[in-house]
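Examining the three-dimensional arrangement
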Amino acid sequence: MIRLVLTDLDDTLIPFGVGHTSARANRAIHALLDAGAHFGPVTGRIPASMGTMFCEDEECYRTGAFANGQVVSIDGEVVQRTLIEGALLRRVAGLLDDLCANAWLAIYDSDDLRNVNLVTAHPERIRANPPETWGVSVFGIVSDVEDRGYLKANLQCSCDRDEMTYVRDRLRRSIPELRFVFPSMTAKVIDINPGDWEKGDSVRLIAARLGVSLDEVVVFGDSENDLSMMRAVPNSVAVANADEAVAAAARWHIGDVRDDAVAIALEDIALACARGGVPSFFD
C-alpha cells in the first residue's frame, strides 16, 4: 500500500510556463490526504513560491522538500535546512566570467521572490544578451557573493543546450564540492546543489521521519535533478516527457505533463489507498 507520494513540480506536475497546479491536481492531492497518505512536492523551487504554485492551498505543501531538498518540511515543521557556502558560489561566478559563457550565477533571497540577482563582474554582457528570466524572475545584478550560506542558487542561461551542457560539465570538473544538474528539459537553467545533499536524501529523510518504508513511497519526476530520488525508492514514475535517463531509471511510466498525467495518477493512488490495494498503473 502507498503511504507517501512525492513529486517534482516543473514539467512533472505542472507544465512548463503554466506556473501553478490544475484544479484536478489539487483535488487529487486532497483525495490522497483524505485516504490517509502523505503528499508533498520535491522541487528546486523555494518554500516562498509554493503558495502561488499550489493556488494558495497550504495543505498541498505542508510536507515536502524544497530548493532540491535543501529545506525539508514534514506536516509544516522544517526538519532539515542545508545551505550552500558563499565561498563556493563565488568560485562559480568567477569561473563563468572567465569562460565568457552566456550563463550567470543567480542567488536568491529565501523569503523575497523578487530579490534574485545575477552575479558577474561584467554586467554589460547580461544586458547585451539577457536570459529569458530577466525581469520576470531575476531582477538585479551584483558584482560579488556575500560570505554566508545561501538556500538557493542556480545558473540562468541565454545559450543553447549544447553550451549549457559544456558549462555544466566544466563546473562539475572544476568545483566538485557542488552538484550541477538540469532541473528541466525546457528551462534554460542549471541547478546548484550542495555536494552532500540532494533530492534522494530528502525522500529518504521524509519517509524515515514518517515511519514509512521505501516500498510504500511513490515519486514522480522528469529531469536530471530527479534522478537521485528516482533511484531512492522502488516505485519511481516518469512522465512521458521525461529525460531519457529519467525514463530509463523509472520503474513505472505514465502520460505527458500537458495531459495532467500526474494528477490522474494521484487519483489512481488515492483510490488504491482507500481500497487497501495498489494503483492500476503499477503493471
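Residues numbered from 1 in each chain as written. Predicted model: local features only at pLDDT ≥ 70, side-chain atom pairs only at ≥ 80, totals over all residues. Heavy atoms only, no water.

In the annotation of an unreviewed UniProt entry, the entry for the protein chain reads Haloacid dehalogenase domain protein hydrolase type 3, and the organism field reads Olsenella uli.

Take the sheet that holds strand 4 (residues 71-74) next. Strand order in this open sheet of three strands is 3-4-5, and the pairing throughout is antiparallel. The sheet is open, and its two edges are formed by strand 3 (64-66) and strand 5 (77-81), each paired on a single side. Each strand of the sheet is rotated relative to its neighbour by a mean of 25°, with strand direction disregarded. As defined by bridge partners, strand 3 adjoins strand 4 across three bridges and the pair is classed as antiparallel. What sits directly across from Gly64, in strand 4, is Ser73. With respect to the sheet, helix 6 (residues 199-210) is in contact with strand 3, strand 4 and strand 5, its orientation differing from that of strand 4 by roughly 25°. (Pairing = 2+ DSSP bridges. Helix = DSSP H or I, 4+ residues; strand = E, 2+ residues; numbered from the N terminus. Axes fitted to C-alpha atoms, helices over the stretch in contact; angles between N-to-C directions. Contact = heavy atoms within 4.5 Å.)

What follows deals with the nonpolar core. Counting residues in hydrophobic clusters, the biggest one holds 61 residues, and the most contacted among them are Phe54 and Phe220. The element that contributes the greatest number of residues to this core is helix 9 (residues 261-275), accounting for eight residues. Val92, Tyr150, Ala153 and Cys157 belong to the second largest nonpolar core, which has 27 residues in total. (Core = buried A, V, L, I, M, F, W, Y, C linked by side-chain atoms within 4.5 Å. Buried < 20%, exposed > 50% of the residue type's maximum accessible area, 1.4 Å probe, protein only.)

A word on helix 9. Its 15 residues place the ends of helix 9 21 Å apart at the C-alpha level, agreeing with the 21 Å of an ideal helix rising 1.5 Å per residue. Among the structural elements, strand 1 (4-7), helix 1 (23-34), strand 2 (38-41) and strand 14 (217-221) are those in contact with the buried residues of helix 9. In the segment just after helix 9, Gly276 is the residue with positive phi, at about 75°. (Expected span 1.5 Å × (residues − 1).)

Bringing the domain arrangement of the protein chain into the picture now. If you check the domain split of the protein chain, you get domain 1 (4-82 + 197-275) and domain 2 (84-194). Averaged C-alpha coordinates put domain 1 and domain 2 at centres separated by 25 Å. Opposite the 22 residues of domain 1 that make contact, domain 2 presents 23 residues. For the pair domain 1 and domain 2, the summed buried surface comes to about 1,800 Å²; carbon and sulfur atoms form 52% of the total. Among the residues of domain 1 in contact with domain 2, Ile46, Gln70 and Glu224 are the three that bury the most area, contributing 30% of the side total. At the junction of domain 1 and domain 2, the tally comes to three salt bridges. With a closest N to O distance of 3.5 Å, Arg179 and Glu198 form a salt bridge. Residue composition of the side of domain 1 that touches domain 2, grouped by class: seven nonpolar, eight polar and seven charged. (Domains from an automatic or database assignment. Buried area = accessible area lost by both parts, 1.4 Å probe. Salt bridge = Lys/Arg side-chain N within 4 Å of Asp/Glu carboxyl O. Nonpolar A, V, L, I, M, F, W, Y, C, P; charged D, E, K, R; others polar.)

All right, on to unusual backbone geometry then. Working note: non-glycine residues mostly have negative phi, and peptide bonds are mostly trans. The backbone phi angle of Ala67 is positive, close to 50°, even though this residue is not glycine. Considering the arrangement of structural elements, one finds Ala67 in the loop between strand 3 and strand 4. Located in the positive-phi region is Asp75, a residue other than glycine, with phi close to 50°. Mapped onto the fold, Asp75 is located in the loop between strand 4 and strand 5.

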